[in-house]
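# Structural characterization, general
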Amino acid sequence: MTAVPEAADADGGRAAQPRHLIVSVYGVHHQAGGEWLSVASLIDLLAAVGVDEPAVRSSISRLKRRGVLEAVRRDGAAGYELSGTALDLLREGDERIFRRDRAKLADGWLLAVFSVPEAERHKRHVLRTQLSRLGFGTASSGVWIAPAHLYEVTVGTLERLGLAEYADVFRAEHLAFGDPREKVREWWDLDQLDELYTAFLEEHEPVLRRWQRRRTTPGDEAFADYLRVLTGWRRMPYLDPCLPAELLPEGWSGIRAAEVFFTLHDRLEEAARTHLRQVLSG
């Protein structure tokens, strides 16, 4: 599952919009080896999280207009698949969203340095938007920084969008001048990240405690809670690119949030997939 284009404006799990939940459904379905979903199946699946039929149909139309979904009929039934672009982003995002290891300071950094002619300044905005989406922080004007593990996805994204000619990408390490912990605070908005992680914890820690008290894992409940936590978590690794723990504030909320997400993921994923297969098989 990943953040396809919809995730750029995704709200956390508490305010998750139906279209964000639909993208999450496709992610779970794709990981289970599926592609196409009928409109009727989407309506049934989204009912588990309280989304009614008109909202599902409206959200499908919006995702289609955005190029995330493509209409495909099978055996006379109306349905949709993720577009080719959305599938590419889904595959890219799986590695990031389900990455459990944080970057290490010893791994070094990735620097993206770009220069765009004034006549093509619109591409400067696109570059900044894409680097921000990838999780880069701003070191200075035209110099963006990220943990080194983002190298392949950064190069692939710039090439795919035709932006490679405007940028140079370097591996680097911080050698002198300034405390790296303070620098990280300058390069990323840790206060905003902390607020988002705290909101995530406020919603999903009680869910985790509830499941820890239970011996069984009913499929319909597992699917609903898994869809919510997955949607809530989906954008976080794009805002926080697994920054090294030694550079983060003590007791960093993002580390606890990751523990909550992966514990719920391990508990609920299989039951959620089973429920999805049961709904699809009628």
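What counts, and at which threshold
- Note that residues are indexed from 1 along each chain, following the sequence as it is written.
- Note on the predicted model: pLDDT of at least 70 is required for a residue's local features to be given, and 80 or more for side-chain atom pairs to be given and counted; whole-chain, interface and lining totals, by contrast, use all residues.
- Only hydrogens and water are removed before side-chain values are computed, so all heavy atoms of the structure are retained for them.
- Runs of E in the DSSP output that reach at least two residues are strands. Runs of H or I that reach at least four are helices, and both are numbered from the N terminus.
- Here the term buried applies to any residue with accessible area under 20% of the maximum for its type, exposed to any over 50%, and partly exposed to those in between, with areas from a 1.4 Å probe on protein chains only.
- Note: two strands are recorded as paired if DSSP finds a minimum of 2 bridges between them.
- Only heavy atoms matter for contacts: two residues are in contact if any of them lie within 4.5 Å across the pair.
- Only the stretch in contact is used when a helix axis is fitted, and all axes are lines through C-alpha atoms; the angle between N-to-C directions ranges over 0 to 180 degrees.
- Under the convention used throughout, the expected extent of a helix is 1.5 Å for every residue step, that is, one less than its residue count.
- Put simply, a nonpolar core is a bunch of buried Ala, Val, Leu, Ile, Met, Phe, Trp, Tyr and Cys residues held in one set by side-chain atoms that sit within 4.5 Å of each other.
- Consider a residue and the seven residues that end there alongside the seven that start there; fitting an axis to each set, the bend is the angle between those axes.

### A short note on the environment of Arg209
On the secondary structure map, Arg209 appears in helix 8 (residues 190–212). Judged by its relative accessible area of 43%, Arg209 falls in the partly exposed class. Taking C-alpha positions, Arg209 is 45 Å from Val113, a pair spaced 96 residues apart along the chain.

### Topic: the sheet that holds strand 3 (residues 77–82)
Strand order in the open sheet formed by 3 strands is 1-3-2, with antiparallel pairing between adjacent strands. The sheet is open, and its two edges are formed by strand 1 (37–38) and strand 2 (69–74), each paired on a single side. Relative to strand 3, strand 2 is paired through 6 bridges, and the arrangement is antiparallel. Paired with Ala71 across the bridge in strand 3 is Tyr80. Contacts from helix 3 (residues 53–65) reach strand 2 and strand 3 within the one sheet, and its direction differs from that of strand 2 by about 115 degrees.

### What about the environment of Gly135?
In this structure, Gly135 sits in the loop between helix 5 (121–134) and strand 5 (137–140). Residue Gly135 is classed as buried on the basis of its relative accessible area, which comes to 1%. Separated by 64 residues in the primary sequence, Gly135 and Ala199 place their C-alpha atoms 20 Å from one another. Beyond its immediate stretch of four places on either side in the chain, Gly135 contacts Arg96, Trp188, Tyr238 and Pro241.

### Describing helix 9 (residues 219–233)
An ideal rise of 1.5 Å per residue puts 21 Å on 15 residues; helix 9 measures up with 21 Å between its terminal C-alpha atoms. Most of helix 9 is tucked away: 11 of the 15 residues are buried. Where helix 9 is concerned, the buried positions are Ala222, Phe223, Ala224, Asp225, Tyr226, Leu227, Val229, Leu230, Thr231, Gly232 and Trp233. Residues of helix 9 that are buried in the fold lie against helix 1 (18–31), helix 2 (39–47), helix 4 (84–97), helix 8, helix 10 (236–239) and helix 11 (253–280).

### Concerning unusual backbone geometry
Note: most peptide bonds trans; most residues except glycine with negative phi. At Asp75, a position not held by glycine, the phi torsion is positive, near 50 degrees. Here Asp75 shows up in the loop between strand 2 and strand 3. For Asp75, a relative accessible area of 86% corresponds to the exposed category.

### Quick notes on the nonpolar core
Formed by 64 residues in total, the largest nonpolar core has its most connected members in Val25, Leu46 and Trp233. Per element, the largest residue contribution to this core is 10 residues, and it comes from helix 11. Setting aside its immediate chain neighbours within four residues, Leu46 contacts Leu21, Ile22, Val25, Val51 and Val56. In this structure, Val116, Leu127, Trp144 and Ala167 belong to the second largest nonpolar core, which totals 16 residues.

### Here's the deal with helix 11
Turn by turn, an α-helix covers 3.6 residues, leaving residues three or four places apart pointing in a common direction. In this model helix 11 runs 37 Å from its N-terminal to its C-terminal C-alpha over 28 residues, within 8% of the 40 Å that 1.5 Å per residue would give. A bend of about 45 degrees at Leu268 is the largest found in helix 11. Where helix 11 terminates, the next one or two residues include Gly282, which has phi positive at roughly 80 degrees.

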